[in-house]
Amino acid sequence: MPRDDVGDVPPERTADDRWEVARPLGGTSLDGVRMAGFRDRTAGGLDMRVLPQPAVVIVIGLGAGPVVVESASGHRPLRGVVAALSPGPARIRGEGVECVEVALSPRAAHALLGVSPLELDGSITALEDLWGRHARLLREQLADTASWQDRLALTDGFLRRRAEAAPPMAAEVAAAWDAIVAGRGRVRVGDLAASCGWSRKRLRARFSSQVGLTPKRAAMLVRFDHAARALLAGEPVGVVAAACGYADQSHLHRDVQALAGCTPGALAGVAASTEL
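Treat the numbers as computed from the prediction; the structure is a model and nothing was measured.

A. View of the overall build of the protein. Regarding its fold elements, the protein presents 11 helices and 11 strands. For 276 residues, the compact-globule estimate of 2.2 N^0.38 gives 19 Å, and the protein sits close to it at 18 Å. With respect to the principal axes defined by its C-alpha atoms, the protein has extents near 50 × 45 × 35 Å. With 276 residues in all, the protein has 50% of them scored as buried.

This is the structure in structure tokens:
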């Protein structure tokens, strides 16, 4: 949701005059899981560009009406959404938005989604398509709960129960993802495969099935995430390209166009409150 929600902030606060933001006291009980509650204080309507990021994002709507997801596949009103690591250019629109948002690292997503992240197919999916009646029951329980801290605790408990029987991610895949993140996307797939003791073909197959992207695409996404944050912060395009490891501005342009569906200049002009 709002960009200034990223990072460590007090558990209950107002992000600005518009958004009420709440975070769980003491954090969450699961590694790789972040969550927050959001409420549009002004009911001014949401019009938000969905930007790819190195996390699977779940939004559980609690408002009176659905949000509308607009993407290449058309318009779809949804009460809950799951955005894949690289969901493709899309926008979310809604009125009187109130929701719980959960961000899952690939390791957590592998455990909690109930399907291979590869099945998300780089898109935005209805939460009920993944969790069925459990999604509906959770949303109803959250809507009937008044306190943000109780809502977040309820969500945390729901996720913790799902994690109890979840299979772990392969150690080699987890190590490859950690290396991509540590290197800010500036890694070679051959080096990742060698560190795992696998062939490039085996790494690609195992990594894709458990993360939802190929290692090359994952590195591209992590590098883009750092670049997008810098562009949204007002850094010049040329400076961002050099600092984030792009060969030149044209390379940055191609990646931003492929992942966000716009130019770096257009991305830099996006207001901070328009990113998921």
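B. Just the pattern of salt bridges, in detail. Within this structure, the stated rule accounts for 12 salt bridges. For Asp-178, the salt bridge goes to Arg-107, with nearest N and O atoms at 2.8 Å. Of this pair, Asp-178 sits in helix α5 (residues 171-182) while Arg-107 sits in helix α1 (residues 106-112); the two residues are 71 residues apart in sequence, bridging distant segments of the chain. For Arg-229, the salt bridge identified is with Asp-225, shortest N-O distance 3.2 Å. With a gap of 4 residues between them, Arg-229 and Asp-225 both fall in helix α8 (residues 215-232), about one helical turn apart. Taking the relative accessible area as the measure of exposure, Asp-225 reaches 8% and is therefore buried. Through salt bridges that share partners, Asp-47, Glu-70, Arg-91 and Arg-93 make up one connected network.

C. Structural context of the layout of surface pockets. Of the voids in this model, the largest pocket is the one considered here, and its volume is about 320 Å³. Contributing to the lining of the largest pocket are 18 residues, with Arg-34, Pro-54, Val-181, Asp-225 and Arg-229 lying nearest its centre. When contributions to the lining of the largest pocket are tallied by element, the ones reaching two or more residues are β3 (33-40), β10 (98-104), α5 and α8. For the lining of the largest pocket, the element with the most residues is α8, which contributes 4 residues. Broken down by class, the residue content of the lining of the largest pocket amounts to 10 nonpolar, 4 polar and 4 charged.

D. Molecular detail of the sheet that holds strand β6 (residues 67-71). Pairing is antiparallel across the open sheet formed by 4 strands, whose spatial order is β4-β9-β6-β7. Each having just a single partner strand, β4 (46-50) and β7 (74-78) make up the two edges of the open sheet. When strand polarity is set aside, the average angle formed by the axes of neighbouring strands in this sheet is 20 degrees. Sheet topology places β6 next to β7; 5 bridges connect them, and they run antiparallel. Residue pairing for β7: Glu-70 is matched across the bridge by His-75.

E. Up close: the packing of α8 against helix α10 (residues 249-260). Axis separation between α8 and α10 bottoms out at 10 Å; the angle between their running directions is 100 degrees. Between α8 and α10, the crossing angle belongs to the class labelled roughly perpendicular. Contacts between α8 and α10 pair Arg-217, Met-220, Leu-221, Arg-223, Phe-224 and Ala-227 from the former with His-251, Leu-252, Asp-255, Val-256, Ala-258, Leu-259 and Ala-260 from the latter. Tallied by class, residues from the contact of α8 with α10 come to 9 nonpolar, 1 polar and 3 charged.

F. How the structure looks around the packing of aromatic side chains. If you walk through the whole model with that rule in mind, you get 2 aromatic pairs. Residues Trp-19 and Phe-38 carry aromatic rings whose centres are separated by 6.3 Å and whose planes lie at 90 degrees to one another, so their mutual orientation is edge-to-face. Taken as a pair, Trp-19 in strand β2 (residues 19-22) and Phe-38 in strand β3 lie far apart in primary sequence, 19 residues in all. We note that Trp-19, like Phe-38, is buried. Relative to Phe-158, the ring of Trp-131 has its centre 5.1 Å away and its plane inclined at 55 degrees; by these criteria the two rings are tilted. Here Trp-131 is found in helix α2 (residues 127-131), whereas its partner Phe-158 is found in helix α4 (residues 148-164), with 27 residues between them in sequence. When sorted by exposure, Trp-131 lands in the same class as Phe-158, which is buried. One cation-aromatic arrangement involves Arg-151 over Trp-148; the distance from NZ or CZ to the ring centre is 4.7 Å. Positioned above the aromatic ring of Tyr-246 is the side chain of Arg-223, whose terminal nitrogen or guanidinium carbon lies 5.0 Å from the ring centre.

G. Fine view of the pairing of β10. With 7 of its 7 residues buried, β10 lies for the most part within the structure. Where burial is concerned, the two faces of β10 agree: the one with Glu-98, Val-100, Val-102 and Leu-104 and the one with Cys-99, Glu-101 and Ala-103 are both buried.

H. Structural context of α4. Taking 1.5 Å as the rise per residue, α4 with 17 residues should run 24 Å; its terminal C-alpha atoms sit 25 Å apart, in good agreement. With a side-chain oxygen lying 3.2 Å from the backbone nitrogen of Gln-149, the N-terminal cap of α4 falls on Ser-147.

I. The arrangement of the nonpolar core in detail. Membership of the largest hydrophobic core comes to 66 residues, with the highest contact counts inside it found for Val-33, Ile-58, Leu-104, Leu-113, Leu-159, Phe-207 and Phe-224. No other element matches the 11 residues that α8 contributes to this core. Contact partners of Leu-159, with chain neighbours within four places excluded, come to Leu-30, Val-33, Met-35, Val-102, Leu-112 and Trp-131. If you look at the next biggest cluster of nonpolar residues, it comprises 20 residues, including Ala-36, Met-48, Ala-83 and Cys-99.

Cut-offs used in this document
- Residues numbered from 1 in each chain as written.
- Predicted model: local features only at pLDDT ≥ 70, side-chain atom pairs only at ≥ 80, totals over all residues.
- Heavy atoms only, no water.
- Helix = DSSP H or I, 4+ residues; strand = E, 2+ residues; numbered from the N terminus.
- Rg over C-alpha atoms; globule rule 2.2 N^0.38 Å.
- Buried < 20%, exposed > 50% of the residue type's maximum accessible area, 1.4 Å probe, protein only.
- Salt bridge = Lys/Arg side-chain N within 4 Å of Asp/Glu carboxyl O.
- 1 Å grid on protein atoms, 1.4 Å probe; cavity = no way out; pocket = protein on both sides within 12 Å on 5 of 7 lines; lining within 4 Å.
- Points joined across faces, edges and corners; volume = space filled by probe spheres on them.
- Nonpolar A, V, L, I, M, F, W, Y, C, P; charged D, E, K, R; others polar.
- Pairing = 2+ DSSP bridges.
- Axes fitted to C-alpha atoms, helices over the stretch in contact; angles between N-to-C directions.
- Parallel < 35°, antiparallel > 145°, perpendicular 65-115°, else oblique.
- Contact = heavy atoms within 4.5 Å.
- Phe/Tyr/Trp six-rings, centres within 6.5 Å; stacked < 30°, edge-to-face > 60°.
- Lys NZ or Arg CZ within 6 Å of the ring centre and 35° of its normal.
- Expected span 1.5 Å × (residues − 1).
- Polar contact = N/O pair within 3.5 Å; in protein donor to acceptor, adjacent residues only side chain to side chain.
- Core = buried A, V, L, I, M, F, W, Y, C linked by side-chain atoms within 4.5 Å.

It is worth stressing that arrangement in space is one thing and function is another; only the former is reported here.
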